[in-house]
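One letter stands for each residue in the lines below.
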Number of protein chains: 2
Amino acid sequence: MPSPIRPTDDEARALARLLLTSATTAALAVLDETGAPRVSRIAFATAEDGSPLSLVSSLSAHTGALRADPRCSLLLGEPKGRGDPLNHARLTLAAMARFVAPGSPEHGALAARFLESHPKARLYIGFADFAFVRFSVSRGDLNGGFGKAFTLTPADMGLV
Amino acid sequence: MPSPIRPTDDEARALARLLLTSATTAALAVLDETGAPRVSRIAFATAEDGSPLSLVSSLSAHTGALRADPRCSLLLGEPKGRGDPLNHARLTLAAMARFVAPGSPEHGALAARFLESHPKARLYIGFADFAFVRFSVSRGDLNGGFGKAFTLTPADMGLV
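Residues numbered from 1 in each chain as written. Chains lettered and ligands numbered in written order. Predicted model: local features only at pLDDT ≥ 70, side-chain atom pairs only at ≥ 80, totals over all residues. Heavy atoms only, no water.

Draft legend 1. Region of the structure containing the interface of chain B and chain A. The partner chain A presents 39 residues to the 39 residues of chain B that form the contact. Taken together, the two surfaces of chain B and chain A that pack against each other cover about 3100 Å², and 67% of this comes from carbon and sulfur. Among the residues chain B hides against chain A, the three largest losses belong to Pro 37, Val 39 and Arg 41 of chain B. Together they make up 21% of the total. With a shortest N-O distance of 3.0 Å, Asp 141 of chain A and Arg 38 of chain B are connected by a salt bridge. One can count ten residue pairs in polar contact (both at pLDDT 80 or more) joining chain B with chain A. The leading source of residues in the side of chain B that touches chain A is strand β2 (residues 37-43) of chain B, at seven residues. Taken together, the residues of the side of chain B that touches chain A break down into 21 nonpolar, ten polar and eight charged. (Contact = heavy atoms within 4.5 Å. Buried area = accessible area lost by both parts, 1.4 Å probe. Salt bridge = Lys/Arg side-chain N within 4 Å of Asp/Glu carboxyl O. Polar contact = N/O pair within 3.5 Å; in protein donor to acceptor, adjacent residues only side chain to side chain. Helix = DSSP H or I, 4+ residues; strand = E, 2+ residues; numbered from the N terminus. Nonpolar A, V, L, I, M, F, W, Y, C, P; charged D, E, K, R; others polar.)

In structure tokens, the structure reads:
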């Protein structure tokens with residue numbers, strides 16, 4: 001069977017970067033306490049360096065799961081408008097999660113940045129049970145529609 | 001810490017059933033070959049009995065992953081319109097995947113059903129590398145917006 005993965009080109013790189021910078025939510029996959037996968041919706045933004053970022057509640061199952069095992073995956077790109085939704089671009093990221101210490105300078109900088117894209121989060125960003133999580137991305141699988149699959153490095157996506 | 005999970009009520013059951021019957025795509029979390037989680041977008045429909053269903057390509061990484069380990073999770077409910085996207089309803093399902101034999105009577109019945117909600121799939125539904133996957137759901141985690149979290153049984157969601 002021939003590989004369905006195309007050679008990476010600048011159009012693919014640009015599409016992945018667009019999905020990263022325009023997404024405000026993501027589907028997050030984590031491992032539950034039995035090692036089974038679990039997917040839920042999280043808020044999504046990027047830090048100043050372009051790396052993925054979320055604000056999560058300690059009441060959410062995904063938060064406990066990430067504290068127990070940082071391996072995770074993010075799906076960016078919502079189906080929009082007409083046509084087959086599988087023909088809309090989306091990006092799967094393989095990542096490791098790292099929690100940011102509350103009250104740290106890093107937390108303050110991320111809060112200012114996060115509120116630019118999530119102004120409604122002002123209502124709860126200061127709550128003690130909310131924490132920032134940063135994602136270190138090791139790989140991207142871009143699907144730009146039927147027959148348009150690419151495997152991207154962090155550098156391809158503007159992530160170092 | 002008090003439990004954030006509310007007692008299940010009929011409104012929660014109805015919302016979960018609405019998400020099941022109205023979704024045309026889902027985020028699917030699987031385990032990759034290393035046991036790490038991986039999330040991607042799939043087409044979504046329900047069979048006659050209300051149980052979740054997808055049509056997947058053997059060229060997709062999630063298909064190989066589900067054949068190796070059927071444990072998976074589905075996220076239904078796309079963020080829409082204005083306001084904080086985390087205030088929009090979504091449903092996380094814990095499930096096991098089962099592939100339907102191509103050419104079986106079950107396959108034929110599912111194809112007719114699937115095309116009702118995914119008419120564009122007529123272009124590829126007959127390709128040899130596409131297969132139906134059915135999902136046996138063991139649990140639902142409904143998030144109807146802030147402070148509206150419920151844990152649902154299959155029966156709550158109309159699934160038996």
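On we go from here.
Draft legend 2. Seen up close, the packing of aromatic side chains. Counted by the stated rule, this structure contains eight aromatic pairs over all chains. A centroid spacing of 5.5 Å and a plane angle of 70 degrees characterise the contact between Phe 114 of chain A and Phe 132 of chain A, whose relative ring orientation is edge-to-face. In this pair, Phe 114 of chain A is assigned in helix α3 (residues 105-117) and Phe 132 of chain A in strand β7 (residues 130-143), connecting sequence segments 18 residues apart. Relative accessible area serves as the criterion here: at 1%, Phe 114 of chain A is assigned to the buried category. The buried category is assigned to Phe 132 of chain A, whose relative accessible area is 0%. Put simply, the rings of Tyr 124, Phe 127 and Phe 130 of chain A together with Phe 146 of chain B pair up and form one aromatic cluster. (Phe/Tyr/Trp six-rings, centres within 6.5 Å; stacked < 30°, edge-to-face > 60°. Buried < 20%, exposed > 50% of the residue type's maximum accessible area, 1.4 Å probe, protein only.)

Draft legend 3. The side chain of Ser 54 of chain B, seen in detail. With respect to the secondary-structure elements, Ser 54 of chain B resides in strand β4 (residues 52-57). Reaching out from Ser 54 of chain B, the side chain makes a polar contact with the backbone oxygen of Ala 43 of chain B at a distance of 2.5 Å.

Draft legend 4. Broad picture of the relation of the copies chain B and chain A. In the superposition of chain B on chain A (RMSD 0.0 Å, axial shift 0.0 Å), the rotation amounts to 180 degrees. Look at the turn and shift together and you get a two-fold axis relating the two. Looking at the interface residues of chain B, 100% of them are also at the interface in chain A, so both copies use one shared face. (Least-squares fit on C-alpha atoms with pLDDT ≥ 70 in both.)

Draft legend 5. Representation of the environment of Ala 109 of chain B. Residue and element names in this part refer to chain B. One can find Ala 109 in helix α3 (residues 105-117). Overall, the relative accessible area of 49% leaves Ala 109 in the partly exposed class. In this structure the C-alpha to C-alpha distance between Ala 109 and Ala 47, which are 62 residues apart in sequence, comes to 8.8 Å.

Draft legend 6. Representation of the environment of Ile 5 of chain B in the model. Residues and elements named next belong to chain B. Mapped onto the secondary structure, Ile 5 falls in the segment before α1 (10-22). It is 9.5 Å that separates the C-alpha atoms of Ile 5 and Asn 143, two residues lying 138 residues apart in sequence. With sequence-adjacent residues up to four places away left out, Ile 5 is seen in contact with Ala 149, Phe 150 and Thr 151.

Draft legend 7. Geometry of helix α1 (residues 10-22) of chain A. All names here are of chain A. Under the 1.5 Å per step criterion, the end-to-end length of α1 is 18 Å for 13 residues, consistent within 8% with the ideal 18 Å. Inspection of α1 places Ala 12, Ala 16, Leu 19 and Leu 20 among the buried residues, and these make up the whole buried set. Along the axis of α1, the buried residues cluster in a sector spanning 100 degrees; they form a single face. The outward face of α1, more than 90 degrees from its buried face, is lined by the exposed residues Asp 10, Glu 11 and Thr 21. (Expected span 1.5 Å × (residues − 1). Arc of directions from axis to C-beta.)

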